[in-house]
Amino acid sequence: MYNSLGISNEVVKLVDKCEEECLEEFKKIDDACTFNSLKVLNSFHKNKVSEAHFGMTTGYGYNDIGRDVIEEVFKDVLGAESALVRSQFISGTHALTVCFQALLRPGDLLLSICGKPYDTLDEVIGIRENSSSLKSYGVKYDQIDLVDDDFDYEKVEEYIKNNKVKVVEIQRSKGYSTRKSLGLDKLGKVIKLIKNIDKDVIIMVDNCYCEFVSESEPLSVGADVIVGSLIKNLGGGIAPNGAYIAGRYDLVELCAERLTVPGCGKEVGPSLGINKQILQGLFMAPSVVASALKTAVLTSRVMEEIGYDVEPRYNEERVDIVQNIIFHNPEKLILFTRGIQEASPIDSNAVVEASDMPGYDSKVIMASGAFTQGSSIELSCDGPVREPYIAYMQGALTYPYGKLGLMHAVTKILNDK
Ligand SMILES: *Cc1c(COP(=O)(O)O)cnc(C)c1O
């Protein structure tokens, strides 16, 4: 049967053996999944989620009880004082942009303490020229690089002592970099350090790809506001679009007034009939994240077994759902990415090519044969075509689909001599 999907017998044996070695990791993933499912279920009960919440509003979107209950549920699950969960956010980058614009005023200083933020924020911040950037509004920007995959605590301390910083941005997931993703222990330590010097600094965390990977979220270690996408972890593969901002009440209010209208804030914004999908997506999210994590662990073990560098290794602690495979070779990166596309449910006949993408500064290759355009909680694989030729693989709505995609891609790699 495997041969019908272009999977060789050799790869079936290889993956079976590797899977055995992953079982201990899978057990930990299942435990976190149960814990996070409990959080979701408790919140549904507490907020009395009912069929009435699946209704829709149009136009201004006044009195959208479904939208309001969704924001209460997200608030609880993320440990926030308030949450803004909207389909009017067209992407994670948009939600991050709204958050920056809501919190920063002309003359304010934004500091990133994980080096350069995610590529799509270059023009938002003004690292790359854009006439609508924060820089064009007089917002100043500076960054402190990580050292050995951890914060540069000394530099951060010195910088906060000597400068009036308004917002510190922390990106947990590695994005298109070679560093490790940042766990909550490190986040907690650096946030405490900053707040001890200046308690007014706003700590904003880009939480993309990290939700439900562990049993808690960054607000529990002192972050003030967190941001993420609904076509990643928390949408559970069911939310058709959107993003969230959650955290301190006053900050979420500012974000709402920036997204909609000063004076209207969270009161407006029609849900246009997607409330059920957002609720069902969140309900599924712990299990979908677990499937993505198991796929990542298995991928790591298998790719290491056939001689590639991987990050993280299969038995390392994970912060996000992203698995890096470092190919050191452009052809293998392209071949692997094509393999993932060919094993996808949608557009399996498409041959992916590296191309220029808005917001990215080198050619990018992307496999995303997804039900939702650009969804990266579904099995997907992408990477900028530049040294050291890293594939960033993530997702799978179910573990079997993830495993099959991996087996197909590995067969292609092994058949290419
Ligand atoms: C995906 C992602 C974003 C936002 O990406 P969108 O494609 O705009 O949703 C931002 N930061 C990180 C770390 C991400 O992984």
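Residues numbered from 1 in each chain as written. Predicted model: local features only at pLDDT ≥ 70, side-chain atom pairs only at ≥ 80, totals over all residues. Heavy atoms only, no water.

Caption draft 1: Focus on helix α9 (residues 330–342). Here α9 is 13 residues long and its end C-alpha atoms lie 18 Å apart, about the 18 Å a rise of 1.5 Å per residue gives. Within α9 the residues assigned to the buried category are K332, L333, L335, F336, T337, G339, I340 and Q341. Buried positions along α9 lie against α8 (275–305), β9 (323–326), β10 (364–367), β11 (380–384), β12 (390–394) and α10 (399–415). Where α9 begins, one side-chain oxygen reaches toward the backbone nitrogen of E331, 2.8 Å away; that side chain belongs to N329. (Helix = DSSP H or I, 4+ residues; strand = E, 2+ residues; numbered from the N terminus. Expected span 1.5 Å × (residues − 1). Buried < 20%, exposed > 50% of the residue type's maximum accessible area, 1.4 Å probe, protein only. Contact = heavy atoms within 4.5 Å. Polar contact = N/O pair within 3.5 Å; in protein donor to acceptor, adjacent residues only side chain to side chain.)

Caption draft 2: Spatial organisation of the sheet that holds strand β1 (residues 82–86). The sheet built from seven strands is open, its strands ordered β1-β7-β6-β5-β4-β2-β3 with mixed pairing. The two strands at the open ends of the sheet, each matched to only one other strand, are β1 and β3 (140–143). The mean angle between the axes of side-by-side strands here comes to 20°, regardless of whether they run parallel or antiparallel. As defined by bridge partners, strand β4 (residues 167–171) adjoins strand β5 (residues 202–206) across five bridges and the pair is classed as parallel. Bridge pairing in β5 links Q171 to D206. Packing against the sheet, helix α7 (residues 249–259) makes contact with β1, β5, β6 (225–229) and β7 (243–247), and its axis sits at approximately 25° to β1. (Pairing = 2+ DSSP bridges. Axes fitted to C-alpha atoms, helices over the stretch in contact; angles between N-to-C directions.)

Caption draft 3: Up close: the state of the cysteines. If you walk through the whole model with that rule in mind, you get zero disulfides. The cysteine C255 is free of any disulfide, with C99 supplying the nearest cysteine sulfur at 3.9 Å. With a relative accessible area of 0%, C255 lands in the buried category. (Disulfide = S-S within 2.5 Å.)

Caption draft 4: A look at the pairing of β12. With five of five residues buried, β12 lies mostly within the body of the structure. Burial of the side chains of β12 extends over both faces: I390, Y392 and Q394 are buried on one face and A391 and M393 on the other. Looking at chain direction, β11 and β12 are connected through three bridges and run antiparallel. Residue pairing in the sheet places S380 in a bridge with Q394 of β12. Count of turn residues in the β11/β12 antiparallel hairpin: five residues, of which Y389 carries a positive phi of about 60°.

Caption draft 5: Quick look at the packing of aromatic side chains. A complete count under the given rule lists nine aromatic pairs for this structure. Lying over the aromatic face of Y209, K232 brings its terminal NZ or CZ to 4.0 Å of the ring centre. For R301, the ring lying beneath its charged end belongs to Y314, and the centroid distance is 5.3 Å. (Phe/Tyr/Trp six-rings, centres within 6.5 Å; stacked < 30°, edge-to-face > 60°. Lys NZ or Arg CZ within 6 Å of the ring centre and 35° of its normal.)

Caption draft 6: The environment of N349, seen in detail. Tracing the backbone shows N349 in the loop between α9 and β10. Overall, the relative accessible area of 67% leaves N349 in the exposed class. Along the backbone, N349 and S37 are 312 residues apart, and their C-alpha atoms lie at a distance of 36 Å.

Caption draft 7: Representation of the environment of E158. Mapped onto the secondary structure, E158 falls in helix α5 (residues 153–162). Classification of E158 by relative accessible area gives exposed; the value is 53%. C-alpha separation for the pair E158 and L404, spaced 246 residues apart in sequence, amounts to 50 Å.

Caption draft 8: Region of the structure containing the sheet that holds β10. Strands sit in the order β8-β9-β12-β11-β10 across an open sheet of five strands; the sheet is antiparallel. On the outer flanks of this sheet lie β8 (309–311) and β10, each paired with one strand and no other. Strand after strand, the sheet turns through a mean of 20° between neighbouring axes, direction not considered. Of the pairings in the sheet, the one linking β10 to β11 comprises four bridges and is antiparallel in character. Of the residues in β11, the one forming a bridge with M366 is D382. Running at roughly 15° to β9, α8 makes contact with β8, β9 and β12 of the sheet. Sitting on the sheet, α9 is in contact with β9, β10, β11 and β12, with an inclination near 25° to β10.

Caption draft 9: Here's a closer look at α10. Counted at 1.5 Å a residue, the expected span for α10 with its 17 residues is 24 Å, and the 24 Å between its end C-alpha atoms agrees. Among the 17 residues in α10, 12 count as buried, and that is most of the element. Regarding α10, the residues found buried are Y399, G402, K403, G405, L406, M407, H408, A409, V410, T411, I413 and L414. Contacts made by the buried residues of α10 are with α1 (9–46), α8 and α9. The N-cap of α10, judged by a side-chain oxygen 3.3 Å from the amide nitrogen of Y401 a few residues on, is T398.

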